[in-house]
Amino acid sequence: MRTESFKALLVEERQDENTGKARYEASVVKRSTEDLPDGDVLIRVRYSSLNYKDAMSARGNKGVTRHFPHTPGIDAAGEVVSDGGGFSAGEEVVVIGYDLGMETDGGFGQYARVPSDWVVRRPDGLSLREAMIIGTAGFTAALCVEKLLLNGVTPEQGPVLVSGATGGVGSYAVALLSRLGFRVTALTGKADAADYLSGLGADAVLDRSELSEEASRPMLKEQWAGAVDTVGGEILSNTLKSLQYGGSVACCGLVASPVFSASVLPFILRGVNLLGVDSVNLPLEKKAAVWERLAGEWKIDDLEQMATEIGFSELPGSLDTVFRGGARGRYLLNLDRD
């Protein structure tokens, strides 16, 4: 196979001359396909998207990426370069999760090589661009909604809360729940986000301070039939205390904190459910089925309203914005754009 030179974001670990501590620098460089890890599918990546995990990897978070230099990007969509792994040259494919962008060089490079059992064929009904507007964030939001539905949450029972509503997972959860007929309350710390969230389908917008303070009472007033929590911490704790009888919260994030306080009382007196959601190691057959759903009955009509397209030159700054919690919707990386 011919060796290709390509553009990629590379994060390198260096030692600070003054402190002796490690520091991490991200820059756009030229790489070779010879540098890529082993795998039976080589993909020419056209689009990727930015996630909080990518921002942590770019900052040298060893809980995400232990070995450097490294190319982050837990999402990738593009074309198969040559026959292999059950795929034919030219087939359009999507890869999210598994080890992509963590220890395996990821979607912030114009080429990626991965095992075939990480790869899903692009479903009819979604373009590569649309698939990456969805990306891991939208896919995770869909898993959260699916779990709420499987646990009996219905639009007739009352409003559903979405925390971190302007982020990638939150934005998609608001739009999808609204599409499915739910009344959605969007929780956010961004005072200027009301119009954006209303445009996605939120019926009400609540300031996160309403749920971010520690509450000593073991239970609070029943408000939500269900919730999608992307932040953890006290917001998750207070959400659990505020669920209606039999309500459920799907938990998928830790932006505020991976730790939350709880008592058994909401669980044994109101019968509420805390539902964990993982999109990384989900079996490939399940991933393919969810992608088909996202391309069909659950497709959002106007995905572009939550997307901001960037190129390589804007990538480092956009990762910083994601890390600080300043992003709104989805950053879509076009790998053919400088």
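Along every chain, residues carry numbers that run from 1 in the direction the sequence is written. Local features in this predicted model are restricted to residues of pLDDT 70 or higher, and side-chain atom pairs are both shown and tallied only at a pLDDT of 80 or more, whereas totals for entire chains, interfaces and linings draw on every residue. Working from all heavy atoms in the structure, the side-chain values ignore hydrogens and water.

Enquirer: Before we go on, may I ask you to explain the overall build of the protein chain in this structure?
Expert: Numbering of helices and strands starts at the N terminus; helices are DSSP runs of H or I of at least 4 residues and strands are runs of E of at least 2. Scanning the protein chain from N- to C-terminus turns up nine helices and 15 strands. For 338 residues, the compact-globule formula gives about 20 Å, and the C-alpha radius of gyration of the protein chain, at 20 Å, lands near that figure. Along the first, second and third principal axes, the C-alpha set of the protein chain runs to 65 × 55 × 35 Å. With a 1.4 Å probe rolled over the protein chains alone, any residue whose accessible area is under 20% of its type maximum counts as buried; one over 50% counts as exposed, and the rest are partly exposed. When the 338 residues of the protein chain are sorted by exposure, 54% land in the buried category. In the protein chain, once contacts between residues fewer than 6 apart in sequence are set aside, the share between residues at least 24 apart is 72%. Total accessible area computed for the protein chain in this model is approximately 14,200 Å², and 46% of it derives from carbon and sulfur atoms. The reference for a compact globule is 2.2 Å times residues^0.38; the radius of gyration itself is calculated from the C-alpha atoms. By definition in these notes, contact holds between two residues if any of their heavy atoms fall within 4.5 Å. Exposure was quantified through the Shrake-Rupley algorithm and a 1.4 Å probe, taking into account, for residues, occlusion by the shown protein chains and nothing else.

Enquirer: Please clarify how the pattern of salt bridges should be interpreted in this entry.
Expert: If the charged atoms of two oppositely charged side chains come close together, the side chains can form a pair. Every case where a carboxyl oxygen of Asp or Glu lies within 4 Å of a side-chain nitrogen of Lys or Arg is listed as a salt bridge. Per the stated rule, a full pass over the model turns up 24 salt bridges. Between R14 and E25 there is a salt bridge, with the nearest N and O atoms lying 3.0 Å from each other. Within this pair, whereas R14 is found in strand β1 (residues 5-15), its partner E25 is found in strand β2 (residues 22-32), the two being separated by 11 residues in sequence. Residue D301 pairs with R179 through a salt bridge whose shortest N-O separation is 4.0 Å.

Enquirer: Just to check I follow, could you spell out the nonpolar core for this structure?
Expert: One recurring pattern in soluble globular proteins: nonpolar side chains tend to sit buried together. In this description, a nonpolar core means a group of buried Ala, Val, Leu, Ile, Met, Phe, Trp, Tyr and Cys residues linked to one another through side-chain atoms lying within 4.5 Å. Of all hydrophobic cores here, the largest spans 54 residues; its most connected members are Y172 and W291. Among the elements of the structure, β5 (92-96), α2 (128-150), β8 (160-162), α3 (168-179), β9 (184-188), α4 (194-200), β11 (224-229) and α8 (284-295) are those that each provide at least two residues to this core. Not counting residues within four places of it along the chain, the set of residues in contact with W291 comprises V94, I96, V120, P123, L126, A131, I134, G135 and F139. Grouped together as the second largest cluster of nonpolar side chains are 30 residues, I43, L100, F312 and L319 included.

Enquirer: Any chance you could explain the pairing of strand β10 (residues 204-207) here in plain terms?
Expert: A regular strand places its side chains so that they alternate between the two faces of the sheet. Two strands qualify as a pair provided DSSP detects at least 2 bridges between them. In this sheet, β10 lies alongside β9 in parallel orientation, the contact comprising four bridges. Following the sheet pairing, T185 is matched in β10 by A204. Crossover handedness for the path β9 to α4 to β10: right-handed. Note on handedness: a crossover is taken as right-handed if, strands pointing away from the viewer, the path from the first strand over the helix to the second is clockwise.

Enquirer: Which parts of the structure should I look at to understand the environment of V184?
Expert: Counting through the fold element by element, V184 comes out in strand β9. V184 sits 29 residues away from E213 along the chain, and the two C-alpha atoms are 22 Å apart. Sequence-distant contacts of V184, that is, excluding residues within four places in its chain, are made with V160, V162, V174, L177, S178, A202, D203 and A204.

Enquirer: Can you walk me through the side chain of E79 in this structure?
Expert: By the secondary structure assignment, E79 is in strand β4 (residues 75-80). Judged by relative accessible area, which is 18%, E79 ranks as buried. In this structure the side chain of E79 is engaged in a polar contact, spanning 3.0 Å, whose partner is the side chain of R46. Once residues lying within four places of it in the same chain are set aside, the contact partners of E79 are L42, I43, R44, R46, G90, E91, E92 and L128. Within 3.5 Å is the distance limit for a polar contact, defined as a pair of N or O atoms, with the added protein rule that one can donate a hydrogen and the other accept it, and that residues adjacent in sequence qualify only through two side-chain atoms.

Enquirer: Would you mind going over the packing of α2 against α8 with me for this structure?
Expert: Each packed pair of helices is defined by two parameters, the angle between the axes and the distance between the axes. Relative orientation of the contacting elements α2 and α8 amounts to 100°, with a least axis distance of 10 Å. As judged from the angle between their axes, α2 and α8 are roughly perpendicular. Here α2 contributes A131, I134, G135, F139, A142, L143 and E146 to the contact with α8, which in turn contributes K286, K287, V290, W291, R293 and L294. Axes here mean lines fitted to C-alpha atoms, for a helix over just the part in contact, with angles spanning 0 to 180 degrees between N-to-C directions. Reported orientations rely on four angle classes, namely roughly parallel under 35 degrees, roughly antiparallel over 145, roughly perpendicular from 65 to 115, and oblique for the rest.

Enquirer: Is there a simple way to explain the packing of aromatic side chains in this structure?
Expert: The description of an aromatic ring pair uses the distance of the two centres, along with the angle that the planes make with each other. Classification of ring pairs uses Phe, Tyr and Trp, with its six-membered ring standing for Trp, and accepts pairs whose centres are within 6.5 Å; under 30 degrees between planes counts as stacked, over 60 as edge-to-face, and the remaining range as tilted. Applying the stated criterion across every chain, the model contains five aromatic pairs. Between F139 and W291, the ring centres sit 5.5 Å apart and the planes meet at 45°, which makes this aromatic pair tilted. One end of the pair, F139, is in helix α2; the other, W291, is in helix α8, with 152 residues separating them in the sequence. By the burial criterion, F139 is buried, and W291 matches it. When the ring centre of Y111 is taken as reference, the NZ or CZ atom of R44 above it lies at 5.7 Å. Both a distance and an angle decide whether a charge sits over a ring: NZ of Lys or CZ of Arg must be within 6 Å of the ring centre and within 35 degrees of the ring normal. One cation-aromatic arrangement involves R293 over W298; the distance from NZ or CZ to the ring centre is 4.0 Å.

All quantities given are derived from atomic positions and should not be read as evidence of function.
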